[in-house]
Amino acid sequence: MRHSIGIRRAALATTAVTAVAAAVTGILPGTAMAASTTSSAPPPACRASALQVSAWQAAHPPVGTGTGAAVVQFTNTSGRTCVLKGHPTVAGAGNGSPSHNTPLTVTPTGRAATVTVRPHHKAWVKLTFVQVQGEGDGYCVSGKTPKAYPTMVIGLPHSGKHQVALNDGWWAECDNKVTATPVSSVKPS
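Sequence positions are assigned chain by chain, starting from 1 and proceeding in written order. Given that this is a predicted model, residues contribute local features only at a pLDDT of at least 70 and side-chain atom pairs are listed and counted only at 80 or more, while totals for whole chains, interfaces and linings are drawn from all residues. For side-chain calculations, the full set of non-hydrogen atoms in the structure is used, while hydrogens and water are omitted.

Caption draft 1: Geometry of the nonpolar core. Nonpolar cores are built from buried Ala, Val, Leu, Ile, Met, Phe, Trp, Tyr and Cys residues. Side-chain atoms within 4.5 Å join them into one set. Residue exposure (1.4 Å probe, protein chains only): buried if accessible area is under 20% of the type maximum, exposed if over 50%, otherwise partly exposed. One finds Val-72, Phe-74, Leu-84, Leu-127, Phe-129, Met-152 and Trp-171 to be the most contacted residues of the largest nonpolar core, which totals 27 residues. Secondary structure elements follow DSSP: runs of H or I of four or more residues count as helices, runs of E of two or more count as strands, with numbering from the N terminus. Mapped by element, the contributors of at least two residues to this core are strand S1 (51-57), strand S2 (69-76), strand S3 (82-84), strand S7 (115-117), strand S8 (122-130), strand S10 (151-155) and strand S12 (171-180). Ranked by the residues each element gives to this core, the list is headed by S8, at four residues. Whether two residues are in contact is decided by their heavy atoms, any of which lying within 4.5 Å being enough. Excluding its chain neighbours within four sequence positions, the residues that come into contact with Phe-74 are Leu-51, Gln-52, Val-53, Leu-84, His-121, Lys-122, Ala-123, Val-125, Ile-154, Leu-156 and His-162. The next biggest cluster of nonpolar side chains, apart from the first, holds five residues, and it includes Ala-58, Ala-69, Val-71 and Trp-124.

Structure, rendered in structure tokens:
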């Protein structure tokens, strides 16, 4: 009889300690093992091959006659959810060779956050260029010669570089400078 009373007291003490530990950690009794062994890994960065990239002139560009601003869209064409994060790199595409690309100085705006992109969903960045002024060949306020590129190379951290044409013209800019938003789940205008 004494032996069974000791076992019951030990069992009650163990139950009490478990209940206190559960209350402190916020884990309900009976779920402690499941909660401590279950964790979901975040989705991986989107591979370059998983992204289809397109671009068009923004609806609200700065005043001028060049590209001014463009929206770049990244569509996840893979069957898996992945993530994009950060500000893009931007370069005017060279004539047939990446060594001929002209890197633009990117001024990042806004704070970068991880954007989860499910299959067939999209994410965007907005690029705002130093605007070409005037008509015809145009001019740069700085006095430099305007540049026009049939395609730009847009890079994203951990997601590769993508050569993309505007769907409505050439990329035109002054001073090899661009302001860029971080990747966003909200489509800019």
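Caption draft 2: Molecular detail of the environment of Ala-55. Relative to the assigned elements, Ala-55 resides in strand S1. Accessibility expressed as a relative area gives 2% for Ala-55, which makes it buried. Once residues lying within four places of it in the same chain are set aside, the contact partners of Ala-55 are Val-71, Val-72, Val-164, Ala-165, Leu-166, Asn-167 and Trp-171.

Caption draft 3: Region of interest: the state of the cysteines. The rule for a disulfide is simple: a pair of cysteine sulfur atoms within 2.5 Å. Scanning all chains against the criterion turns up two disulfides. Covalently, Cys-46 is tied to Cys-82 through a disulfide, its sulfur atoms 2.0 Å apart. On the sign convention where negative is left-handed, the bridge of Cys-46 and Cys-82, at about 90° about the S-S bond, is right-handed. In this pair, Cys-46 sits in the loop between helix H2 (32-37) and S1 while Cys-82 sits in strand S3, placing the two residues 36 residues apart along the sequence. In this structure Cys-46 comes out as buried when scored by relative accessible area, which is 1%. For the chain, the disulfide bridges join cysteines in the arrangement 1-2, 3-4, where the cysteines are counted in sequence order.

Caption draft 4: Inspection of the side chain of Thr-151 at higher detail. Counting through the fold element by element, Thr-151 comes out in strand S10. The exposure class assigned to Thr-151 is buried, which follows from its relative accessible area of 17%. A distance of 2.8 Å separates the side chain of Thr-151 from the side chain of Gln-163, its partner in a polar contact. Ignoring sequence-local partners within four residues, the contact set of Thr-151 consists of Gly-92, Ala-93, Gln-163, Val-164, Ala-165 and Trp-171. We call two N or O atoms a polar contact when they sit within 3.5 Å, provided that within protein one can donate a hydrogen and the other can accept it, with sequence-adjacent residues counted only if both atoms are side-chain atoms.

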